[in-house]
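The lines below spell out each chain.
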Amino acid sequence: AARKSHLAGGSGGTDSPGSAFREARARARGEARVEALDALVGARWHPLSPSHLVLLRASGTLCMFDVCTDASSPELELQLQIGSELGASRAGRAAGQPRARALALGEGCGPGWASVTAYIAADDGSIFALCPLLPRCPQARWHVMRLAREVRPGASAA
């Protein structure tokens, strides 16, 4: 016997059109929550490398890709502890309230270590500064060596 499709009015029980719709809707809601935490909220090219792209997801995952070498796997991946005791205070967050999410990615500007600092803002008011955020490239090594000379007492600037 041929099995009836849900659209054609299948048999009752778990195969009924109503239960299939409810199951699909519940699955979609769960996937929407996962997708919301996995949403891309920021993308920046690293200032020291024309081939390094830094991406931030709402979940607090920061990845740096060398798109010329391998755009499918990150060279660096960090998971920020947004909304945890390690990050911002949990005061004012009710039980069952969704965890805090990353909102924005910014880069430092100016001389010194600011040029290799990434700033992340979260929806709970937390601000993270990641320093140094460096790609694996010769320009980054030279930049750090120059910065080290600047902070050493008695060192001359190059």
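Values in this document were obtained by computation on a predicted structure and should not be read as measured data. (Residues numbered from 1 in each chain as written. Predicted model: local features only at pLDDT ≥ 70, side-chain atom pairs only at ≥ 80, totals over all residues. Heavy atoms only, no water.)

Draft legend 1. Structural context of the sheet that holds strand E5 (residues 102-107). Pairing in this open sheet of three strands is antiparallel, and the strands run E5-E6-E7 from one edge to the other. With one partner strand each, in any of the chains shown, E5 and strand E7 (127-130) form the two edges of the open sheet. When the angles between neighbouring strand axes are averaged without regard to direction, this sheet yields 20°. Here E5 pairs with strand E6 (residues 118-122) via five bridges, running antiparallel. Across the sheet, Gly106 pairs through a bridge with Tyr119, a residue of E6. (Pairing = 2+ DSSP bridges. Helix = DSSP H or I, 4+ residues; strand = E, 2+ residues; numbered from the N terminus. Axes fitted to C-alpha atoms, helices over the stretch in contact; angles between N-to-C directions.)

Draft legend 2. Main features of helix H2 (residues 138-151). With 14 residues, H2 should reach 20 Å at 1.5 Å per residue; the first-to-last C-alpha distance of 20 Å fits that figure. Buried within H2 are the following residues: Ala140, His143 and Leu147. Angularly, the buried residues of H2 cover 65° about the axis, an arc narrow enough to put them on a single face. Exposed residues on H2 whose side chains face more than 90 degrees from its buried face are Arg141 and Trp142. (Expected span 1.5 Å × (residues − 1). Buried < 20%, exposed > 50% of the residue type's maximum accessible area, 1.4 Å probe, protein only. Arc of directions from axis to C-beta.)

Draft legend 3. Just the nonpolar core, in detail. If you look at the biggest cluster of nonpolar residues, it comprises 15 residues, and the most contacted ones within it are Leu62, Ile82, Leu105 and Ile120. Among the secondary structure elements, those contributing two or more residues to this core are strand E2 (52-57), strand E3 (61-66), E5, E6 and E7. With three residues, the top contributor of residues to this core is E6. Among residues more than four places away in sequence, those in contact with Ile120 are Leu56, Leu62, Leu80, Ala102, Ala104, Leu105, Ser126, Ile127, Phe128 and Leu130. (Core = buried A, V, L, I, M, F, W, Y, C linked by side-chain atoms within 4.5 Å. Contact = heavy atoms within 4.5 Å.)

Draft legend 4. Structural context of the side chain of Glu75. When you line up the elements, Glu75 lands in the loop between E3 and strand E4 (76-79). Looking at Glu75, its side chain comes within polar contact range of the main-chain nitrogen of Arg136, at 2.8 Å. Apart from the residues within four sequence positions on either side, Glu75 is in contact with His52, Met64, Phe65, Asp66, Pro135 and Arg136. (Polar contact = N/O pair within 3.5 Å; in protein donor to acceptor, adjacent residues only side chain to side chain.)

Draft legend 5. Just the sheet that holds strand E1 (residues 40-45), in detail. The strand order across the open sheet formed by four strands is E1-E2-E3-E4, and the pairing between neighbours is antiparallel. Strands at the two margins of the open sheet, each flanked by one partner only, are E1 and E4. Strand-to-strand twist of the sheet, defined as the mean angle between neighbouring strand axes without regard to direction, takes the value 15°. The sheet contact formed by E2 and E3 spans five bridges and is antiparallel. Of the residues in E3, the one forming a bridge with His52 is Asp66.

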